[in-house]
Amino acid sequence: MWGQGQIMGVFKSLIFLLSFQLLYVAKGSMVWLNGSGYEDLVVAINPSVPEDIYIIPNTMTMIKDASKYLFEATKHRFFFKSVKIILPKTWKKNSSYSRLKTESYNKADVIIADPYLKYGDDPYTLQYGGCGEKGRYIHFTPNFLLTNSLDKVYGERGRVFVHEWAHLRWGVFDEYNSNAPFYVSEKASVEATRCSAGVTGKPVFQKCIGNQCETRECQYDGQLYEAGCVFVPDLNQNSKNSIMYMQYLSSVVEFCDKNTHNYEAPNMQNKMCNYKSTWEVIMESADFRNSSVVNGLAPPFETTFQILQTQDRAVALVLDVSGSMASYNRITNLRTAAEVFLIQIIEIGSKVGIVTFESSAYERSPLVQITSDKTRQNLVQYLPTTASGGTNICAGIEKGLQIITKAIGTTYGSEIVLLTDGEDTGMAACRERVKESGAIIHTIALGPSAAKELEEFSNITGGLQLYAVDTDVPSKLMEAFSEITTGSGDISEQSIQLESKDQNIVSSGWMNNTVTIDKTVGNDTFFVFSWSTKQPLFFLRDPKGRVYGSSDFTVDSSNLKTARLSINGTAEVGDWHYYIQNVDTIAQVISVTVTSRAASSNIPPVTVQAYMERAKIAPNPVVVYAEVSQGFLPVLGATVIATIEKDGAAAVSLPLLDNGAGADMTKNDGIYSRYFTSLTAGGRYSLKVSAQGRNQTIRLGLRRNRALYIPGYIENGKIQMNAPRPEFADEEIQANLGSFSRTSTSSINLDSSGNSPSLPAGFPPSKITDLDAYIENETIVLTWTAPGGDLDSGKADHYIIKSSANLLGLRDEFDNAASVDSRLIPQEAGSRETLEFKPENLKIENGTVIYIAIRAVDDTNLISDTSNIAKATWFIPPKASVPSDDEGNTSDGINITLIVAVVAGCVVLVCIIVSSTVCILQNQKKRRDPAIRM
């Protein structure tokens, strides 16, 4: 029977599910399933990759092979039907290459790019979310595609592709664990972490000095094998699974299913998917539900490929100037933010035009190529300054498509930035026109009444969906425009937002702060100060002490509430201090915006990407993510703050964490996460993420979820070792980042119907995902990260701790398991919890295995999901074995056992002689010493 708290939790979860429909779709995949064939899979080559004639055919061969392997692995259910490969615009032009439509590098499913700092060629898939949630992209290096010898350590490329595709498409996880390659099984033996447990092989330790390597049997270090011990599989074996463990083996053609799954293995699949097999997770996917088995031994279609090539940007600003834009300072803020886009954001070489619309639409400027600061300034003159009339969004879009066609002869691959604050019931009239145009529509919803259909236009074209709340200053709109950068993948071209801050300053009050310019940025650096009523007093000091006063800034005569400073050359690295005083007699809002570009095309800048989505697990809260990286390496140790706003509600700020607890799925992967529980109603929410790093705390890490590097194999009884996996010392990947500041913006739209029930009063504590257990002095020690009272915020009221000798029994029948007596008072979310206890009615002896799980309960009796299940073991390794008679026979016929017996006999004879001699000497001594005789 369920308790009252559980019933309440389920009821509130159902209410929450019914209350909202998620309209927001992140930048990402446009793959769709046509029957059983995946269409429009996009592979994109990074602009930094030198042109190589073999990359394209090798990529095609990999995916063709993958299609056949996927078809077999999914029991004739899925294959790859059509693929698009995007080439950089720097590669040679070819008449056979097509122009992009809505495809782009930053929405690609597969990225081909060199690793930053040359940390190796491990394929990996970037995954933000939990079990069953799609990943972001697969990353292959050019070297992986070009070097055939890497097949020996990763397996055939087509097989590796299917392994990564399962991560990307179905949200399954690896069944190996490089950090825990072995575990103590329930049968009191040390086993390799693998699935299935039927994969045969042996543990091997390899020691290398220079190029000379030797192998030996692994030795025990405590309860497990020594560090550096690896499992080497038999090359020829009968095991058919699993692809998420070792697709390298030719016999492996299946995913582990319910019957073959190794639930004991301490791997990510078990941890993230609650001990379900990969095939069970795949069967629960929408793809599986919407497909059926295909008759035949091979895919019914061979994979087709289309080669596309990136071109220069062609962008039309389509701006609302209807009567409502005259309210709340909107038209002034629009002009200022669009000016920032034209002067600071849009890349050199791009073509930009301007359209305004109200009841009708008007061409303000045709598309003009950005070739200099002068062309940027000329475009600014055409930005609107007044507002009146109705709202006809379709007219604006049609005019935008017309000026694009006039300039480049097509609308394929072009972009429209559509900004509006009003509703328009006629938007459906141009839906098909938008869909067929091949243009990407980025939408900016301004204020609380912007058309609810906006997001649909972005969804069907792959554009960004942005939202800005009404404020007295333009900073919110600037943040939105700053996100609309090139999708070509050339990060050196892109504008990067270092700072965006606004504050209400009392009369005579100061706004003093610091912006850090690190060594990865500094070109095209701009400081923009804006105010709501009267120009403040302000000055800026660079790291060397040079002061820039008001006279160094430019104030446009047509926009008297904004001042801009452009830093010549590359800005000085270090902390820039700004000081702004409100000299008005009343309080006013003042904002600061700072943008820059990469200092060098050879060194990728630190970037942050903000992202919000609804979690799939009930009660389906919103999860906030911020990915902080340099190149393809995660940045660790940053301070990341998310600020979430909605018109009519107070802003909410919360720190995002990379601790592997609560909303954060993986510790130290550079993805900082948190649940957002302060939902006040449906509608749009804007997200701003601020990431800062300081010298002493920041370092780079390696990507998680990397493909298994096969250490070697056994063939005909002989061990063949591959070259050791390249290892990297911390100092090799840390790369002195210095301090940095970054800002990124995103949004989400939760659309509620007027008849929907109200929001739930609260959320249960989040699931504990990092529970660990070990035995010490016949005591079990538990450690975990405290959840909150509402998911990962606040603190829980108490814990329910259970133990069992059966893992699946504990998972499925938690309430019936034995209770652990705990009076532990939960700490604040994110704190480290520790509990020691002695199990009742259980004697800890060799071979003891005990499983423990936890649920957290809040003060309203809402209960969390069951934690990951921790295993505590007590295992005494066997002593080194004596070779058997068979093993004693060497090839030259000498019997090792006989030699051992002879040696043992000699030892016994020597011992007898020594003992006799000692006894004689002691008897002589006793006769001399009366004290000893007693």
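The coordinates are above.
Right, let's walk through the structure included here. (Residues numbered from 1 in each chain as written. Predicted model: local features only at pLDDT ≥ 70, side-chain atom pairs only at ≥ 80, totals over all residues. Heavy atoms only, no water.)

**As for the side chain of Thr 420**
And then number 1: The topology assignment puts Thr 420 in strand S22 (residues 415-420).
And then number 2: A distance of 3.2 Å separates a polar side-chain atom of Thr 420 from the backbone nitrogen of Gly 422.
And then number 3: Leaving out residues up to four positions away in the same chain, Thr 420 has contacts with Asp 320, Phe 357, Thr 391, Ile 393, Ile 444, Ala 445, Leu 446, Ala 450 and Leu 454. (Helix = DSSP H or I, 4+ residues; strand = E, 2+ residues; numbered from the N terminus. Polar contact = N/O pair within 3.5 Å; in protein donor to acceptor, adjacent residues only side chain to side chain. Contact = heavy atoms within 4.5 Å.)

**So, the state of the cysteines**
And then number 1: Under the defined criterion, the tally for this structure stands at five disulfides.
And then number 2: Each disulfide pairs two cysteine sulfurs, and for Cys 195 the partner residue is Cys 256, the sulfurs being separated by 2.3 Å. The chirality of the disulfide connecting Cys 195 with Cys 256 is left-handed, given an S-S dihedral of about -120°. Here Cys 256 lies in the loop between helix H6 (243-246) and helix H7 (268-272) and Cys 195 lies in the loop between strand S12 (190-192) and strand S13 (201-209), a separation of 61 residues in the sequence. Pair check on accessibility: Cys 195 and Cys 256 agree, each one buried.
And then number 3: The disulfide that involves Cys 394 links it to Cys 430, with 2.1 Å between the sulfurs. Here Cys 394 and Cys 430 share a disulfide; its torsion about the S-S bond, -80°, makes the bridge left-handed. Of this pair, Cys 394 sits in helix H12 (residues 393-408) while Cys 430 is found in the loop between S22 and helix H13 (431-437), placing the two residues 36 residues apart along the sequence. Across this residue pair, the class does not change: Cys 394 and Cys 430 are buried. (Disulfide = S-S within 2.5 Å. Buried < 20%, exposed > 50% of the residue type's maximum accessible area, 1.4 Å probe, protein only.)

**Quick word on the sheet that holds strand S3 (residues 37-39)**
And then number 1: Spatially, the three strands line up as an open sheet ordered S2-S3-S5, and their pairing is mixed. Each edge of the open sheet carries a strand with a single partner, namely strand S2 (32-34) and strand S5 (79-80). (Pairing = 2+ DSSP bridges.)

**Examining the side chain of Ser 437**
And then number 1: Counting through the fold element by element, Ser 437 comes out in helix H13.
And then number 2: Separated by 3.1 Å, the side chain of Ser 437 and the backbone nitrogen of Ala 439 make a polar contact.
And then number 3: Aside from chain neighbours lying at most four places away, what touches Ser 437 is Leu 401, Thr 411 and Tyr 412.

**Here's the deal with the packing of aromatic side chains**
And then number 1: In the structure shown here, the tally under the stated rule is 33 aromatic pairs.
And then number 2: Judged by centre distance (5.7 Å) and plane angle (50°), the ring pair of Phe 341 and Phe 481 falls under tilted. With Phe 341 in helix H10 (residues 330-345) and Phe 481 in helix H15 (residues 475-482), this pair connects stretches of sequence that are 140 residues apart. Take Phe 341 and Phe 481: they sit in the same class, and that class is buried.
And then number 3: Taking 5.7 Å as the distance between ring centres and 20° as the angle between the ring planes, the aromatic pair formed by Tyr 611 and Tyr 625 counts as stacked. (Phe/Tyr/Trp six-rings, centres within 6.5 Å; stacked < 30°, edge-to-face > 60°.)

**Topic: the nonpolar core**
And then number 1: Of all hydrophobic cores here, the largest spans 72 residues; its most connected members are Tyr 38, Phe 80, Phe 161, Trp 165, Trp 170 and Phe 255.
And then number 2: Element by element, the count of residues in this core is highest for helix H2 (residues 55-73), at eight residues.
And then number 3: Ignoring any residue separated from it by four or fewer positions in sequence, one finds Trp 165 in contact with Val 31, Tyr 38, Leu 41, Leu 70, Phe 80, Ile 138 and Trp 170.
And then number 4: Counting 55 residues, the second-largest nonpolar core is a separate cluster that includes Leu 100, Val 635, Leu 750 and Leu 791. (Core = buried A, V, L, I, M, F, W, Y, C linked by side-chain atoms within 4.5 Å.)

**Topic: the pairing of strand S4 (residues 41-45)**
And then number 1: Among the five residues of S4, five are classified as buried, and the element is accordingly described as predominantly covered.
And then number 2: Of the two faces of S4, the one lined by Leu 41, Val 43 and Ile 45 and the one lined by Val 42 and Ala 44 are each fully buried.
And then number 3: Sheet topology note: the S4/strand S6 (residues 82-87) ladder contains four bridges and is parallel. Each residue of the ladder has a partner; that of Val 42, found in S6, is Lys 84.

**Some thoughts on the pattern of salt bridges**
And then number 1: Evaluation of the coordinates by the stated rule reveals 36 salt bridges.
And then number 2: For Glu 39, the salt bridge is made with Lys 81, and the minimal N-O distance between the two is 3.7 Å. Separated by 42 residues along the polypeptide, Glu 39 in strand S3 and Lys 81 in the loop between S5 and S6 bring together distant segments of the chain. The two residues Glu 39 and Lys 81 agree in class, both being buried.
And then number 3: The closest approach of N and O atoms between Asp 792 and Arg 674, which form a salt bridge, is 3.4 Å. Here the residue Asp 792 occupies a position in the loop between strand S46 (779-785) and strand S47 (798-804), and Arg 674 occupies one in strand S39 (residues 671-676), the gap between them amounting to 118 residues. Each member of the pair, Asp 792 as well as Arg 674, carries the same accessibility label: buried. (Salt bridge = Lys/Arg side-chain N within 4 Å of Asp/Glu carboxyl O.)

**Some thoughts on the environment of Ser 495**
And then number 1: Considering the arrangement of structural elements, one finds Ser 495 in the loop between H15 and strand S25 (496-505).
And then number 2: For the pair Ser 495 and Asp 524, spaced 29 residues apart in the sequence, the C-alpha separation amounts to 8.3 Å.
And then number 3: Dropping the residues within four chain positions of it, Ser 495 is found in contact with Gln 344, Ile 345, Thr 485, Thr 595, Ser 596 and Arg 597.
And then number 4: A polar contact of 3.5 Å, which involves the side chain of Ser 495, links it to the backbone oxygen of Gln 344.

**Structural notes on H15**
And then number 1: Buried residues dominate H15, accounting for eight of its eight residues.
And then number 2: Where H15 is concerned, the buried positions are Ser 475, Lys 476, Leu 477, Met 478, Glu 479, Ala 480, Phe 481 and Ser 482.

**Examining the packing of H10 against helix H11 (residues 373-380)**
And then number 1: It is the contact of H10 with H11, at a shortest axis distance of 9 Å, that shows an interaxial angle of 160°. Taken together, the axes of H10 and H11 lie roughly antiparallel to each other. When you trace H10 past H11, the crossing you get is right-handed. Taking contact as the criterion, the partners of Arg 335, Glu 339, Leu 342, Ile 343 and Gln 344 in H10 are, on H11, Arg 376, Gln 377, Leu 379 and Val 380.
And then number 2: When its residues are assigned to classes, the contact of H10 with H11 shows four nonpolar, two polar and three charged. (Axes fitted to C-alpha atoms, helices over the stretch in contact; angles between N-to-C directions. Parallel < 35°, antiparallel > 145°, perpendicular 65-115°, else oblique. Left-handed = near helix turned anticlockwise from the far one by under 90°. Nonpolar A, V, L, I, M, F, W, Y, C, P; charged D, E, K, R; others polar.)

**Some words on the environment of Lys 134**
And then number 1: Relative to the helices and strands, Lys 134 resides in the loop between strand S9 (124-126) and strand S10 (137-140).
And then number 2: C-alpha separation for the pair Lys 134 and Gly 171, spaced 37 residues apart in sequence, amounts to 5.1 Å.
And then number 3: Not counting residues within four places of it along the chain, the set of residues in contact with Lys 134 comprises Leu 168 and Arg 169.

**Remarks on a nonpolar patch on the surface**
And then number 1: A grouping of Ile 53, Tyr 54 and Leu 146 is seen on the molecular surface, where their side chains present a nonpolar patch of about 330 Å² in accessible area.
And then number 2: Relative to the assigned elements, Leu 146 resides in helix H3 (residues 142-146). (Patch = residues over 30% accessible without salt bridge, like charges linked within 9 Å, V, L, I, M, F, W, Y side chains within 5 Å. Areas by Shrake-Rupley, 256 points an atom, 1.4 Å probe, with all protein chains shown as cover.)

**Comments concerning the pairing of strand S49 (residues 832-837)**
And then number 1: Only one face of S49 is buried, namely the one carrying Glu 833, Leu 835 and Phe 837, since none of Arg 832, Thr 834 and Glu 836 on the opposite face is buried.
And then number 2: In this sheet, S49 lies alongside S46 in antiparallel orientation, the contact comprising six bridges. Its bridge partner being in S49, Thr 785 is matched across the sheet by Arg 832.

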